[in-house]
Amino acid sequence: MPKQISAARRTALTGLLTATSLVLALGGCASYDVTAPADARADAPASDSTAQNAKTTGGKDRGADGGSDVDCRKAKCVALTFDAGPSENTNRLLDILKENKAHATFFMLGKNHITERPAEVKRINAEGHELANHTWSHQILTEIKPDEAKRELSRVQDAVRKITGKTPKLMRPPQGRTDEEVSTISKDLGLAQVLWSVTAKDYQTNDSALITKRVLDQTERDGIILLHDIYKGTVPAVPGILKELKKRGYTVVTVSQLLSPAKPEPGMVYRP
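Note that this is a predicted model, so its numbers are computed, not measured.

1. Some thoughts on the packing of aromatic side chains
Enumeration according to the criterion identifies one aromatic pair in this entry. Over the face of the ring belonging to Tyr 250 we find Lys 76, whose NZ or CZ atom lies 4.3 Å from the ring centre. Arg 172 extends its terminal NZ or CZ atom over the ring of Phe 107, reaching a point 4.2 Å from the ring centre.

Encoded structure:
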């Protein structure tokens, strides 16, 4: 039986999930469960903390500073995530993250990405970042048949497991669009759904300074930053983003570190 979350902290929301917001419809649409990282942490047994941190960092107690565990109940945390890779830019991004002793969650695409760049997938895992699922071919899961949606997710699970020996526990639906059916499929595959609170809209611009400004203007504690390592202007923006976040007192973590000591619950939608 899945872990129960208090009614005050778990909200059944009805409506359409767009790329930037969760919109409540007036009726007739399916419902699904949504919770914020801080609320998930508050409901989790404290005894889970050490085990979860070890699990989310490749079996090592490696926090965002490359050393000790990160406790986001105490630290001022923000999760850094990258969608739609790996790409030709990913190795440079990994160099930057290593230089800054920061860790991120990579929501990867299968077709033309995982399949073409298994070495980058291995490196993402080896350097303590979190492997996550962004579907096989970026189809909108709410617009295709359930069996097809399941294949979109399960093919990535299989590909990542074949390359790294690990199976992702997190997925991000393309354009952030989910519903009750997608949540059920995700639960069946052992995947929690992760949305975001910060978007640089880096798919609209290659201006690294603008990308940096957009991220910093929106970032608050317990936020989840959405970037894409496939676009020309994004990776050059990352050093400035990390430098300023550190200056402002943030600890950059993976999504699972942000949730810890809670464990990602399959089917649940996590959104700050």
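Structure's up, so let's keep going.
2. Overview of the pattern of salt bridges
Throughout the structure, instances matching the rule amount to twelve salt bridges. The shortest N-O distance in the salt bridge between Asp 222 and Arg 41 comes to 3.0 Å. With Asp 222 in the loop between α8 (208–218) and β10 (224–228) and Arg 41 in helix α1 (residues 37–43), the pair connects residues that are 181 residues apart, well separated along the chain. In this structure, Asp 222 and Arg 41 share a single accessibility class: buried.

3. Some words on the side chain of His 129
Assignment of secondary structure puts His 129 in the loop between α5 (118–126) and β6 (130–133). A polar atom in the side chain of His 129 sits 3.1 Å from the backbone nitrogen of Ala 104. Those residues in contact with His 129 that lie beyond four places of it in its chain are Leu 94, Leu 97, Ala 102, His 103, Ala 104, Phe 106 and Ile 124.

4. Description of the packing of helix α3 (residues 90–99) against helix α9 (residues 238–247)
Contact geometry of α3 with α9 gives a least axis separation of 10 Å together with a crossing angle of 20°. Relative to α9, α3 is oriented roughly parallel. Crossing angle aside, the handedness with which α3 passes α9 is right-handed. Along the contact surface, α3 presents Leu 93, Ile 96 and Leu 97, while α9 presents Val 238, Pro 239 and Leu 242.

5. Quick look at the confidence of the model for the chain
A residue-level look at the chain finds 81% of positions with pLDDT of 70 or above and a mean pLDDT of 86. Ignoring residues within four places in sequence, the model shows residues 1–29, a span with pLDDT below 50, making 65 contacts including any to other chains. Long-range and interchain partners of residues 48–68, a stretch whose pLDDT sits below 50, account for 55 contacts in this model, where long-range means more than four residues apart.

6. A closer look at the side chain of Thr 135
Along the polypeptide, Thr 135 turns up in the loop between β6 and α6 (146–164). The buried category is assigned to Thr 135, whose relative accessible area is 0%. Only 2.9 Å separates the side chain of Thr 135 from the backbone nitrogen of His 138, close enough to count as a polar contact.

7. Here we look at the state of the cysteines
Applying the stated criterion across every chain, the model contains one disulfide. With its sulfur 2.2 Å from that of its partner, Cys 72 forms a disulfide with Cys 77. Taking the torsion about the sulfur-sulfur bond, which here is approximately -90°, the covalent link between Cys 72 and Cys 77 counts as left-handed. Here Cys 72 matches Cys 77 in class, with each residue buried.

Reading guide: rules and limits
Residues numbered from 1 in each chain as written. Predicted model: local features only at pLDDT ≥ 70, side-chain atom pairs only at ≥ 80, totals over all residues. Heavy atoms only, no water. Phe/Tyr/Trp six-rings, centres within 6.5 Å; stacked < 30°, edge-to-face > 60°. Lys NZ or Arg CZ within 6 Å of the ring centre and 35° of its normal. Salt bridge = Lys/Arg side-chain N within 4 Å of Asp/Glu carboxyl O. Helix = DSSP H or I, 4+ residues; strand = E, 2+ residues; numbered from the N terminus. Buried < 20%, exposed > 50% of the residue type's maximum accessible area, 1.4 Å probe, protein only. Polar contact = N/O pair within 3.5 Å; in protein donor to acceptor, adjacent residues only side chain to side chain. Contact = heavy atoms within 4.5 Å. Axes fitted to C-alpha atoms, helices over the stretch in contact; angles between N-to-C directions. Parallel < 35°, antiparallel > 145°, perpendicular 65-115°, else oblique. Left-handed = near helix turned anticlockwise from the far one by under 90°. pLDDT = per-residue confidence, 0-100. Disulfide = S-S within 2.5 Å.

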